Amino acid sequence: MTEAGGPHGEPEGAAGQPDGPVGAGEAWQQGELELTGRIVSASNATFLAQLGDRAVVYKPASGERPLWDFPDGDLANREAAAYLVSQSFGWNIVPRTWLRGGPLGEGMVQLWQEIDPEQDAVDLVPAGDVPEAGWRHVFDGYDEDDHPIALVHEDSAELRRMAVFDIVVNNADRKGNHILAMPDGHRYGVDHGLTFHEEHKLRTVLWGWVGEPLLPAELEGVERVRRDLGGPLGSRLAGMITDRELRALGRRCERLLARAVFPAPHGQMPSMPWPLF
Ligand SMILES: Nc1ncnc2c1ncn2[C@@H]1O[C@H](COP(=O)(O)OP(=O)(O)OP(=O)(O)O)[C@@H](O)[C@H]1O
Ligand SMILES: [Mg+2]
């Protein structure tokens, strides 16, 4: 690990890319994790902590609330696995995330990112007010006062790539608040505990490109993941998700490469997370 800051504050590896998995000998694996706060909106035990000079999110596995549709006790593994897949894409979607012990036991740690509170990648607007340019319309509904509203999200390269990432990892929880708007326009995705299920579970607010072709660079990203699954990425993931989930991940890559368009919602389950934010 070097001291140098990356474009979004994370340390960079030798190749100028954010570092990959945090190795056993690294300071971030060994240093003391000091709890500084708790994220109260979170439904699981999610803490803010300090690790050396970095603020991090710490989610101990012991604080996970059981879920009917995901196996218990491994949301932390799925978060760390999602980071590894994000690394393979090469788009810096997930802040550096790794597994380690802490004051409340084993869990996941993720670098905290200072967002720009003035920017929203996803928004609810009055139904007649959908901006013409730069935004995608997802659906219309009514707010609590019965006013017609529309859910919109940015039409940006960053969000498109996040949508591609979500399709590949089968993200069941892409809420508006799981997209961090950084001051420089970068968008990070967080909260990837509900990923990699072998059954179709894609629940997201990013449905603005349904039926549109993926760009060559987006297909290249999917191809990188597909290829990396046959190497060290696949070996690492094998310890974090089940064999069936790993095979399903490969199949999702192949299907997306073959069809090369943003898929439409399908299946019996809701295609939107709730709440939306
Ligand atoms: N790495 C991060 N940097 C900055 N903010 C973050 C980071 N991770 C999470 N957050 C913020 O904290 C909120 C709660 O985190 P997260 O969604 O991961 O926790 P959770 O326990 O799954 O919560 P919930 O059940 O409410 O979704 C996020 O919506 C986001 O606003
Ligand atoms: Mg959350």
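It should be noted that the structure appears before, not after, this text.
Not measured: the values here are computed from a predicted model.

Draft legend 1. Broad picture of the pattern of salt bridges. On inspection of all chains with the given rule, the structure shows 15 salt bridges. Between Arg-226 and Glu-223 there is a salt bridge, and its shortest N-O distance comes to 2.8 Å. Placement of both Arg-226 and Glu-223 in helix 4 (residues 216–228) is noted, with a separation of three residues, approximately one turn of the helix. Because the salt bridges share partners, they merge into one network encompassing Lys-59, Glu-79 and Asp-191.

Draft legend 2. Focus on the packing of helix 2 (residues 75–89) against helix 3 (residues 157–169). It is the contact of helix 2 with helix 3, at a shortest axis distance of 11 Å, that shows an interaxial angle of 130°. Between helix 2 and helix 3, the angle is such that the two are oblique. Crossing geometry of helix 2 relative to helix 3 is assigned as right-handed. Between helix 2 and helix 3, the contacting residues are Ala-82, Val-85, Ser-86 and Phe-89 on the first element and Val-164, Phe-165, Val-168 and Val-169 on the second. When its residues are assigned to classes, the contact of helix 2 with helix 3 shows seven nonpolar, one polar and no charged.

Draft legend 3. Highlighting the site of ligand 1. Of all residues adjacent to ligand 1, which total 17 residues, the nearest are Ser-43, Thr-46, Lys-59, Gln-113 and Asp-191. Lys-59 places a side-chain nitrogen or oxygen 2.7 Å from an oxygen atom of ligand 1. The contact in question runs from an oxygen atom of ligand 1 to an N or O atom on the side chain of Asp-191, over 2.5 Å. Considered on its own, ligand 1 offers 600 Å² of accessible surface; in the complex 86% of this is hidden by protein. Of all the cavities here, the one that holds ligand 1 is the largest pocket. Contributions of two or more residues to the shell around ligand 1 are made by strand 3 (54–60) and strand 5 (107–111). Its residues assigned to classes, the shell around ligand 1 comprises seven nonpolar, eight polar and two charged. Both domains that furnish three or more residues to the shell around ligand 1 are identified here as domain 1 (2–111) and domain 2 (122–259).

Rules used in this analysis
- Every chain's residues receive numbers from 1 upward, in the order its sequence appears when written.
- Key to labels: chains lettered from A, ligands numbered from 1, both in the order written.
- It should be noted that, the model being predicted, local features are given only for residues of pLDDT at least 70 and side-chain atom pairs only at 80 or more, the latter also being counted only at that level, while totals for whole chains, interfaces and linings use all residues.
- Hydrogens are left out, water is left out, and the side-chain values use all remaining heavy atoms of the structure.
- Throughout this description, the term salt bridge denotes a Lys or Arg side-chain nitrogen within 4 Å of a carboxyl oxygen of Asp or Glu.
- Strands here mean DSSP runs of E at least two residues long; helices mean DSSP runs of H or I at least four residues long; both are numbered from the N terminus.
- Think of each axis as a best-fit line through the C-alpha atoms, taken over the contacting stretch in the case of a helix, with angles from 0 to 180 degrees between the N-to-C directions.
- Note on terminology: angles under 35 degrees are roughly parallel, angles over 145 are roughly antiparallel, angles of 65 to 115 are roughly perpendicular, and the others are oblique.
- Each crossing gets its handedness from the near helix: less than a right angle anticlockwise from the far helix is left-handed, clockwise is right-handed.
- Here, two residues are considered to be in contact whenever any of their heavy atoms come within 4.5 Å of each other.
- We call Asp, Glu, Lys and Arg charged. Ala, Val, Leu, Ile, Met, Phe, Trp, Tyr, Cys and Pro are nonpolar, and the rest, Gly among them, are polar.
- For this description, a residue counts as near a given molecule or strand if any of its non-hydrogen atoms is within 4 Å of it.
- Between N or O atoms, a polar contact is any pair within 3.5 Å; within protein, one atom must be a potential hydrogen donor and the other a potential acceptor, and residues adjacent in sequence are included only when both atoms are from side chains.
- The protein chains shown are the only cover counted for residues, whose accessible areas, like all others here, come from Shrake-Rupley with a 1.4 Å probe.
- Every definition here rests on a 1 Å grid over the protein atoms only: cavities are sets of points where a 1.4 Å probe fits but cannot get out, pockets are open sets enclosed by protein on both sides within 12 Å along at least five of seven lines, and lining residues have some atom within 4 Å of a point.
- A pocket or cavity is taken to hold a molecule when more than half of that molecule's atoms are within 2 Å of the pocket's grid points.
- Segmentation of the chain into domains, including their bounds, is taken from an automatic or database domain assignment.

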